[in-house]
Amino acid sequence: MASCSTDEPEEDPLSEPISGEKVDETEHDELSPSQRARIERNRQRALLLKQARVASRPYPDLRKSSEKATASKKAIDTGAGFLLEEEDDEPKVITVAQTPVYLDTILCEECSKPYDTSYIYEHFGLSVCDSCRDNEDKHRLISRTDAKEEFLLKDSDIDAREPPLRYILRKNPHNPRWGDMKLYLYPQVAKRAEEVHGGDDALEEAKDKRTENRVKTKQKRYEKKLKSR
């Protein structure tokens, strides 16, 4: 019995694309109507997106363009304290602003002449140059004990009251074992006494009162000794 043969060709399994495998478009010169429709839809969609972006920002972003222009410029260090910008036309000089420096000058309170520094200014902060310094009278030094005795000052008046009086240390001429002496500037001590007592007249009254109290104390001691005999 003869087998019946069909005119339909047998399908080659190798001719069908495997699932997940991309078909090379170069092998198909002609596109199907469905593929052309899909391409057209994609083109129309891209055109609408472009028009929407243009509508939302009709003007160019000048900030980005200026940043690009600034980044494209190169700064050239001239080594003379300023920079040059390299441009196509003429270079512009960019000067570096410098703050002016003013030197502080010290004027002497005695001669009104400027000076750099002095012994009294360094140790006591008084604006007097070395040429006008009077070690024997006006700018003489006084010990702490003599300052308290002559001007009736307490330790708190010298150390606690603002500003504390400045001093220098010197070896005790009577006995080096007693420790260093604190020497103060006489005019500064006199000014502090004026602040404490309220003036020269008040200071003199305080001195007179102290002398009177000392006399009374001695008199009481003398009378006490007489009674004890």
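Residues numbered from 1 in each chain as written. Predicted model: local features only at pLDDT ≥ 70, side-chain atom pairs only at ≥ 80, totals over all residues. Heavy atoms only, no water.

## Side note on the nonpolar core
The following threshold applies: Here, nonpolar core means buried Ala, Val, Leu, Ile, Met, Phe, Trp, Tyr and Cys residues that are tied together by side-chain atoms lying within 4.5 Å of each other. Here the term buried applies to any residue with accessible area under 20% of the maximum for its type, exposed to any over 50%, and partly exposed to those in between, with areas from a 1.4 Å probe on protein chains only. Think of it this way: any DSSP run of H or I at least four residues long counts as a helix, any run of E at least two long counts as a strand, and we number them from the N terminus. Any two residues whose heavy atoms approach within 4.5 Å are treated as being in contact.
Formed by Ile 142, Ala 147, Phe 151, Leu 152, Leu 153, Ile 158, Leu 165, Tyr 184, Tyr 186, Val 189, Ala 193 and Leu 203, the largest nonpolar core amounts to 12 residues. Counting only elements with at least two residues in this core, the list comes to helix H4 (144-151) and helix H6 (186-197). Broken down by element, the residue count for this core peaks at 3 residues, all from H6. Beyond its immediate stretch of four places on either side in the chain, Tyr 184 contacts Phe 124, Arg 140, Leu 141, Ile 142, Ser 143, Arg 144, Ile 158, Asp 159, Leu 165, Arg 166, Tyr 167 and Val 189. If you look at the next biggest cluster of nonpolar residues, it comprises 11 residues, including Cys 108, Tyr 115, Phe 124 and Cys 129.

## Looking at the pattern of salt bridges
Short version of the rule: The salt bridge definition used is simple: a Lys or Arg side-chain nitrogen within 4 Å of an Asp or Glu carboxyl oxygen.
The tally for this structure, following the rule as stated, stands at 11 salt bridges. We note a salt bridge from Lys 148 to Asp 155, for which the minimum N-O separation is 2.8 Å. For Asp 155, a relative accessible area of 38% translates into the label partly exposed. In this structure, the salt-bridge partner of Glu 149 is Arg 210, at a minimum N-O distance of 3.6 Å. Taken as a pair, Glu 149 in helix H4 and Arg 210 in helix H7 (residues 200-228) lie far apart in primary sequence, 61 residues in all. Where salt bridges share partners, they join Arg 144, Lys 148, Asp 155 and Asp 159 into one cluster.

## Here's the deal with unusual backbone geometry
Note that the residue after Glu 162, namely Pro 163, is joined by a cis bond; omega there is -10 degrees. When you line up the elements, Pro 163 lands in the loop between helix H5 (155-159) and strand S7 (167-171). In this structure, Ser 112 is a non-glycine residue whose phi angle is positive, near 60 degrees. Here Ser 112 lies in the loop between strand S4 (106-107) and strand S5 (114-115). Classification of Ser 112 as exposed rests on a relative accessible area of 52%. Even without being glycine, Leu 152 reaches a positive phi, approximately 55 degrees. Take Leu 152: it is sitting in the loop between H4 and H5.

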